[in-house]
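# Structural characterization, general
Read off the chains here:
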Amino acid sequence: MGSTGYTCIRRTFCSFNILIWLCGSGFLAIGVWLHFAYPGYATLLPDHAVLSADCMFITVGVISFVIAFFGCCGSWFQSRCFLVIYFTLVVLLFLSEFLLGSLAFVFRGGIGRMLTQELKYGIEKHYNVSDRGGFLTPSVASIWDNLQVDLQCCGVSSYEDWYDISAWSGERWVPQSCCRSQYGSMFSEGSGDELANVDCRKAGNPALLWDKSCGQILQMWFVQRLHIVGTVVLVIGFLQLFGLISSMLLFCTVKHKRSSKTYKSYSPTVDTTLNRNGTSPTYMDMD
């Protein structure tokens, strides 16, 4: 490979890893922001806080940052050691993604049931009407109420998920956020002398509540965006493949020495000219 081709690969590989480094820094910043701005969302899964959005963004950001760091150093310093570390990390990342994706597909039913049970457990044990939390630390009650109002849903699987929870033990009640907007918490029912105020939360009438569960709406939202998920997976796979190929090309061509940062390349043109003159071929030092 000539000097021009090597330089082109080196610059492309370095630019690629700088881009990944910037993206990783962005993910890390978003994760930190979510952690401090919306920390309460982790309490939706009390025993699995690591699955919260902020932890996911921070993990992706740190992994991208570290891998891109070794790639940039390997390209800039023409270090085989850094390139080997980079290649190994990308291979391990690819294998981990493949393994986790395969396990998630095989056990998708069990994972879905586990998440449903954990969300129901959070409702049953951690929902407290009087605890609204704060702006930076919203409580489970505040999160669920906002979620149900925004999505117009009630419960994880159905409105019955709210029955007999610790906040109202032994009662078949639902939170106010489950009531349709036209009813609110209290509404008048009947006519004339039979007119009476009815509490939607305690009425026990499903017609007054949102007819869809939050789990059902979230599942529909995800299914409608499967094409986006597929596109993201293909792009990630292509980027990892590009990183692997580029790092291997650089590893095979870099001639790094501690005393010199030059690249020695065999020149076919010089070899042909010298052979015509009866001179043995030589090597040239190129940048």
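So, here's what we can say about the structure.

Cut-offs applied
Along every chain, residues carry numbers that run from 1 in the direction the sequence is written. Only residues with pLDDT of 70 or above have their local features reported here, since the model is predicted, and side-chain atom pairs are shown and tallied only from 80 upward, although totals for entire chains, interfaces and linings are computed over all residues. To obtain the side-chain values, all non-hydrogen atoms of the structure were used and water was disregarded. Throughout this description, the term salt bridge denotes a Lys or Arg side-chain nitrogen within 4 Å of a carboxyl oxygen of Asp or Glu. Think of it this way: any DSSP run of H or I at least four residues long counts as a helix, any run of E at least two long counts as a strand, and we number them from the N terminus. Each residue is assigned to one of three classes by its accessible area relative to the maximum for its type, calculated with a 1.4 Å probe on protein chains only: buried under 20%, partly exposed between the two thresholds, exposed over 50%. Between rings of Phe, Tyr and Trp, where Trp is taken as its six-membered ring, a pair exists when centres lie within 6.5 Å; planes separated by under 30 degrees are stacked, by over 60 edge-to-face, and by other angles tilted. Throughout this description, the term charge over a ring refers to an Arg CZ or Lys NZ atom that lies within 6 Å of the ring centre and within 35 degrees of the ring normal. Here a cavity means grid points, on a 1 Å grid over the protein atoms only, where a 1.4 Å probe fits yet cannot get out; a pocket means an open set of points with protein on both sides within 12 Å along at least five of seven lines; lining residues are those with an atom within 4 Å of a point. Grid points are joined across faces, edges and corners, and a volume is the space filled by probe spheres set on the points. Any residue outside Ala, Val, Leu, Ile, Met, Phe, Trp, Tyr, Cys, Pro, Asp, Glu, Lys and Arg is labelled polar, Gly included; the first ten of those are nonpolar and the last four are charged. Axis definition: a line fitted to C-alpha atoms, limited for helices to the stretch in contact. Angles are taken between N-to-C directions and run from 0 to 180 degrees. Throughout, the term roughly parallel applies to angles under 35 degrees, roughly antiparallel to angles over 145, roughly perpendicular to angles from 65 to 115, and oblique to all others. Working rule for handedness: look at the near helix, and if it is turned counterclockwise from the far one by less than a right angle, call the crossing left-handed; if clockwise, right-handed. Residues are treated as being in contact if the distance between any of their heavy atoms lies within 4.5 Å.

## Focus: the pattern of salt bridges
Taken as a whole, this structure holds two salt bridges when the rule is applied. For D161, the salt bridge is made with K120, and the minimal N-O distance between the two is 3.7 Å. In this pair, D161 is assigned in the loop between helix 5 (140-151) and strand 1 (186-189) and K120 in helix 4 (residues 108-126), connecting sequence segments 41 residues apart. Classification of D161 by relative accessible area gives buried; the value is 15%. Between K125 and E124 there is a salt bridge, with its nearest N and O atoms 3.9 Å apart. When its relative accessible area of 35% is taken as the criterion, E124 is described as partly exposed.

## A word on unusual backbone geometry
Of note, the phi angle at Q152 is positive, near 55 degrees, even though the residue is not glycine. With respect to the helices and strands, the residue Q152 is situated in the loop between helix 5 and strand 1. Residue Q152 is classed as partly exposed on the basis of its relative accessible area, which comes to 43%. Residues other than glycine seldom take positive phi values, yet D164 does so here, at roughly 55 degrees.

## Some remarks on the packing of aromatic side chains
Considering all chains together, one arrives at eleven aromatic pairs under this definition. Note on F70 and F82: the rings are 5.8 Å apart at their centroids and 50 degrees apart in plane angle, and the pair reads as tilted. Here F70 is found in helix 2 (residues 53-76), whereas its partner F82 is found in helix 3 (residues 80-106), with twelve residues between them in sequence. Classification of F70 as buried rests on a relative accessible area of 18%. What makes F82 partly exposed here is its relative accessible area of 24%. One aromatic cluster in this structure is built from Y127, W144, W162, W168 and W173. For R80, the ring lying beneath its charged end belongs to F251, and the centroid distance is 5.1 Å.

## A short note on empty space enclosed by the protein
Within this structure, the stated rule accounts for one cavity of 30 Å³ or more. Its volume calculated, the largest cavity comes out at about 50 Å³. Taken together, Y159, Y163, R172, W173, V174, C200, R201, G204, N205 and L209 make up the lining of the largest cavity. Taken together, the residues of the lining of the largest cavity break down into six nonpolar, two polar and two charged.

## Some thoughts on the packing of helix 3 against helix 7 (residues 226-253)
In contact at an axis separation of 10 Å, helix 3 and helix 7 are set at 155 degrees when each is read in the N-to-C sense. Our classification of the angle between helix 3 and helix 7 gives roughly antiparallel. Here helix 3 runs over helix 7; the crossing is left-handed. From helix 3, R80, L83, V84, Y86, F87, V90, V91, L93, F94 and E97 reach across to helix 7, where they touch I236, Q240, G243, L244, S247, M248, L250, F251 and C252. When grouped by side-chain class, the residues that make up the contact of helix 3 with helix 7 number 14 nonpolar, three polar and two charged.

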